[in-house]
Amino acid sequence: MPKICQITKKKLMLGQNRSHAMNATKRKFSLNIQYHSFWLPDKNKKIKLRISAKGLRMINKFGIEQIYKKYII
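The rules behind each value
Residues numbered from 1 in each chain as written. Predicted model: local features only at pLDDT ≥ 70, side-chain atom pairs only at ≥ 80, totals over all residues. Heavy atoms only, no water. Helix = DSSP H or I, 4+ residues; strand = E, 2+ residues; numbered from the N terminus. Rg over C-alpha atoms; globule rule 2.2 N^0.38 Å. Buried < 20%, exposed > 50% of the residue type's maximum accessible area, 1.4 Å probe, protein only. Arc of directions from axis to C-beta. Contact = heavy atoms within 4.5 Å. Phe/Tyr/Trp six-rings, centres within 6.5 Å; stacked < 30°, edge-to-face > 60°. Lys NZ or Arg CZ within 6 Å of the ring centre and 35° of its normal. Axes fitted to C-alpha atoms, helices over the stretch in contact; angles between N-to-C directions. Parallel < 35°, antiparallel > 145°, perpendicular 65-115°, else oblique. Nonpolar A, V, L, I, M, F, W, Y, C, P; charged D, E, K, R; others polar.

## Brief notes about the overall build of the protein
Reasoning step 1: Along its length, the protein carries two helices and four strands.
Reasoning step 2: Order of helices (α) and strands (β) in the protein, N terminus to C terminus: β-β-β-β-α-α.
Reasoning step 3: Its C-alpha atoms give the protein a radius of gyration of 17 Å, clearly above 11 Å, the size a compact globule of 73 residues would have.
Reasoning step 4: Seen along its three principal axes, the alpha-carbon backbone of the protein occupies a region of about 60 × 25 × 15 Å.
Reasoning step 5: Counting all 73 residues of the protein, 26% fall into the buried class.

## Here we look at helix α1 (residues 53-62)
Reasoning step 1: Turning to α1, its buried residues number three or more, namely G55, M58 and I59. Around the axis of α1, the buried residues are gathered within 100° of arc, so they sit on the same side. In α1, the exposed positions angled more than 90 degrees off the buried face are occupied by R57, N60 and K61.
Reasoning step 2: The secondary structure elements touched by the buried residues of α1 are β3 (33-40), β4 (45-52) and α2 (64-72).
Reasoning step 3: Trailing α1 by a residue or two, G63 shows a phi angle of about 100°, which is positive.

## Some details on the packing of aromatic side chains
Reasoning step 1: Within this structure, the stated rule accounts for zero aromatic pairs.
Reasoning step 2: Above the face of the F29 ring, R27 is positioned so that its terminal group lies 3.9 Å from the ring centre.

## A few points about the side chain of S52
Reasoning step 1: Looking at the element boundaries, S52 is found in strand β4.
Reasoning step 2: Residue classification places S52 among the buried positions, given a relative accessible area of 4%.
Reasoning step 3: Setting aside its immediate chain neighbours within four residues, S52 contacts C5, T8, N32 and I33.

## Side note on the packing of α1 against α2
Reasoning step 1: Contact geometry for α1 and α2: axes closest at 7 Å, N-to-C directions at 120°. By the angle between their directions, the pair α1 and α2 is classed as oblique. Where α1 abuts α2, its residues M58, I59 and F62 lie against I64, Q66, I67 and Y71.
Reasoning step 2: Taken together, the residues that form the contact of α1 with α2 break down as six nonpolar, one polar and no charged.

Right, dumping it as structure tokens:
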């Protein structure tokens, strides 16, 4: 399963490590993905999402109902 946030659509980034001699080696920047369940009272069901920490903050700010309508449907 790919590490992609279902709300913000963020995914793995690629980059380089740099040593003091400026040698470059490839590296990956992984996301802070969390599995979280939410209750939707208007649909009367429970949904399970893979979301990043940024997506979780968006849900706390706007509410799960508004996020569900805008990003998931």
